[in-house]
Amino acid sequence: MADLKPTGGDLYTEYRNTLPGMSVEQTKQIEVAIKAGNFLEAASMVQTFKNLSGIDFNIAVTGESGSGKSSLVNAIRGLEDEDKGAAETRVMEMTKAPVPYCHPTCPIMIVWDLPSIGTPDFRPDTYLKEVNFSRYNVFIIIASERSRFCHTKLAREIKKMGKKFFFVRSKVDLDLYNEESKESFNEERTLEKIRKDCVNNLSRVGVSSPQVFLVSSREFQKYDSPQLQKALLKEFYNHKMEMFRATEATRDSGIMEDSNTHWDGFFSKWSSKLPGLSEEETEKFQTAVKAGNFSEAMSVVKMSDDMLRNTTLNIAITGNSGSGKSSFINAIRSLNDDDRGAAETGVTETTKDPTAYPHPIHPNVIVWDLPGIGTTKYPAKTYLTDVNVYRYDFFIIVAAGRFTEADTKLAKEINSMEKKFYFVRTKVDVDLANEQKKKDFKEEKTLAAIRSDCLEQLQKAGIISPQVFLVSRWDFHKYDSPLLQETFANDLNIHKRHVLICALPSTSEEILKEKQKALQEQIWKQALKSCALAAVPLPFLSVKCDVDILVENMREYCKSFGLDDDSIESLAKQVRMSADELKCVIKSPLAKDITREEALKRLREATGEPMMRVKSFISLIPLIGTGIAAKKSYSVTSEVLLRFLDEVAEDAQRVLKKALEGAGNNQ
């Protein structure tokens with residue numbers, strides 16, 4: 001711990017992503033505030049944490065004379081026994097009173113060399129009181145041989161008083177040296193035997209789950225030393241966090257208020273309805289902007305984004321046995337009937353109760369397979385109550401031939417409860433195949449006749465202005481399927497519409513264009529999030545968070561357009577092609593290939609390497625720095641996401657074209 005830098009691989013992995021000058025826990029606190037949209041709070045936290053830098057963390061090292069106590073004090077501080085400022089080490093006990101040794105590069109970490117326990121001057125029963133027990137945050141009890149009664153008694157007393165302690169078994173290099181001459185010698189087994197003996201001795205006297213570390217001051221980076229350092233660092237950071245909570249520092253909003261003039265100009269362009277926000281959200285946002293309350297404006301956007309990600313859409317599919325209900329459910333979820341997670345299909349009624357089928361890529365879109373109306377268990381009279389009508393956002397009533405009286409009664413009941421419903425006539429490919437044998441066959445004429453017949457029957461049953469859509473499960477990109485998807489999407493509120501659009505099958509150019517438009521409408525929100533993060537005066541935080549924003553959204557774009565392995569495999573299966581044949585036309589990375597490195601590369605391309613370095617520190621410039629950094633982050637994030645979205649949309653068009661060509665060739 002010479003420079004408080006982790007030496008073990010695991011330790012480095014855990015602590016390498018801390019913000020400069022901040023601990024892991026402090027970083028988490030700041031990130032929580034940022035994710036909650038509390039940017040002013042995050043900014044003031046930075047200052048508060050900096051103000052806590054003078055709080056001491058005291059580590060007490062105690063043990064018997066000759067156990068290597070002073071050498072351990074030096075090793076923890078990254079010093080050799082002969083180095084200047086090192087604790088004095090001799091054969092005879094030198095420590096007569098607690099002696100503090102500051103860490104050379106982190107002076108708030110103080111390692112105390114305590115007098116040996118069990119000497120005439122320091123009896124075990126009065127030891128803690130005499131060494132000023134309350135001064136220390138954590139204890140290290142060290143022994144070079146088997147733990148003695150005085151060690152275990154001390155451990156028990158420390159635990160009783162609510163303090164943390166670690167047991168260190170020192171000089172294990174000597175134990176190994178002594179054991180090496182034995183034929184059966186195995187280093188790992190020997191170390192485990194020593195460790196187990198220490199644990200058992202401590203457990204016998206009531207110390208539950210003792211933490212034991214085997215070390216050698218001569219080879220301090222070996223054995224359990226990295227784990228000991230990690231444990232000490234964790235306690236160090238926990239201590240600082242406790243002190244922070246105890247201060248209950250008043251949040252200072254001055255950091256951003258002083259730069260209001262810069263934010264005012266930035267927000268002034270948003271005076272009309274904003275894409276991706278509901279009317280209520282737009283009104284709140286604009287009210288906050290006009291009042292100069294930019295933190296509140298950002299909070300509105302953050303809540304809108306959270307609502308979008310947490311919105312659930314429930315679609316009910318109902319119809320009689322044999323109508324193609326389950327196959328339709330699979331098709332709208334971009335699955336084949338035999339794919340994992342597909343709704344079960346069969347010639348007999350397989351749905352006994354309402355069954356939920358979450359979308360495999362977008363699980364917040366749930367398609368419900370409802371049992372047929374008029375069965376013994378689900379009589380027509382109480383059908384909607386029995387299937388919990390209010391759970392669903394809209395209904396799709398499916399029929400393979402004419403719609404029945406039960407279907408029309410159900411539609412009227414749904415309408416009376418102010419729910420949307422749509423009639424879907426399935427298996428039109430079968431109707432067309434049967435009609436093709438006739439000399440005067442024309443596809444459009446046949447489809448028009450089927451549609452007209454359905455409408456006529458429904459109108460006779462009292463359905464006003466019925467909407468009927470002709471579809472085929474096996475040609476889901478054809479006939480009225482794209483129009484059906486567009487229609488029920490347009491009937492939803494803005495958040496549910498977005499969720500549905502992203503989940504719809506990428507099987508028509510119309511749907512692909514709708515997906516691109518829906519995702520474009522959300523980009524300004526992500527850019528604004530980046531803009532707000534740039535206002536927190538921490539170097540490198542903006543770049544780190546920009547990368548996180550890019551990775552999250554780029555992966556979402558790929559999945560929405562079906563550019564992930566599972567979606568491509570499923571599409572390839574439908575059109576009887578190999579996944580590689582479809583992948584060969586894709587130029588952008590697939591969802592699984594969107595890494596932080598990929599996002600950082602695109603960020604550098606958009607920003608330029610010199611500007612990346614400036615962007616890392618510009619928010620530290622008083623007053624104007626946050627405004628400049630915010631505007632730059634907004635424009636760069638927008639540019640990267642728009643460009644990637646265009647790439648993905650073009651790839652999806654190429655994949656669709658290739659799939660349709662393959663489907664035509666394989667018929």
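Look up: the structure comes first, before these words.
In short, a report on the structure. In this text, all values refer to a predicted model and were calculated from it rather than measured experimentally.

## Some remarks on the nonpolar core
Argument step 1. With 38 residues, the main nonpolar core has Phe561, Leu563 and Leu582 as its most contacted residues.
Argument step 2. Looking at this core, the elements that each hand over two or more residues are α21 (509-534), α22 (541-560), α23 (565-574), α24 (579-583), α25 (596-607) and α27 (624-665).
Argument step 3. The element best represented in this core is α27, accounting for 11 residues.
Argument step 4. Non-local contacts of Leu563, meaning those with residues more than four positions away in its chain, are made with Cys558, Ile568, Ile586, Ser588, Leu590, Ala591, Val648, Asp651, Ala652 and Val655.

## Structural notes on helix α19 (residues 481-490)
Argument step 1. Counting buried positions along α19 yields 7 of 10 residues, so the element is predominantly enclosed.
Argument step 2. All of the buried residues in α19 are Ser481, Pro482, Leu484, Gln485, Thr487, Phe488 and Ala489.

## Here's the deal with the sheet that holds strand β5 (residues 164-169)
Strands in a sheet are paired, the pairing made by backbone hydrogen bonds, and the direction either parallel or antiparallel.
Argument step 1. Strand order in this open sheet of 6 strands is β2-β3-β1-β4-β5-β6, and the pairing throughout is mixed. Either end of the sheet is taken by a strand with one partner, and the two such strands are β2 (99-102) and β6 (212-214). Across this sheet, the average inter-strand angle for adjacent strands is 25 degrees, counted without regard to direction.
Argument step 2. Bridge analysis of strand β1 (residues 57-63) against strand β3 (residues 109-113) gives 5 bridges, and the strand direction is parallel. Following the sheet pairing, Val61 is matched in β3 by Asp113.
Argument step 3. The strands that helix α8 (residues 187-204) touches are β5 and β6; relative to β6, the one it contacts most, it runs at about 150 degrees.

## Examining the pairing of strand β7 (residues 313-319)
Argument step 1. Most of β7 is tucked away: 7 of the 7 residues are buried.
Argument step 2. Judged by which residues are buried, β7 turns out to be covered on both faces: Leu313, Ile315, Ile317 and Gly319 on one side and Asn314, Ala316 and Thr318 on the other are all buried.
Argument step 3. The pairing of β7 with strand β9 (residues 365-369) spans 5 bridges and is classified as parallel. Looking across to β9, one finds that Ile317 is bridged to Asp369.
Argument step 4. Here β7 runs beside strand β10 (residues 394-399); their pairing, made up of 5 bridges, is parallel. Note that in β10 the partner of Thr318 across the bridge is Ile397.

Criteria and cut-off values
Residues numbered from 1 in each chain as written. Predicted model: local features only at pLDDT ≥ 70, side-chain atom pairs only at ≥ 80, totals over all residues. Heavy atoms only, no water. Core = buried A, V, L, I, M, F, W, Y, C linked by side-chain atoms within 4.5 Å. Buried < 20%, exposed > 50% of the residue type's maximum accessible area, 1.4 Å probe, protein only. Helix = DSSP H or I, 4+ residues; strand = E, 2+ residues; numbered from the N terminus. Contact = heavy atoms within 4.5 Å. Pairing = 2+ DSSP bridges. Axes fitted to C-alpha atoms, helices over the stretch in contact; angles between N-to-C directions.

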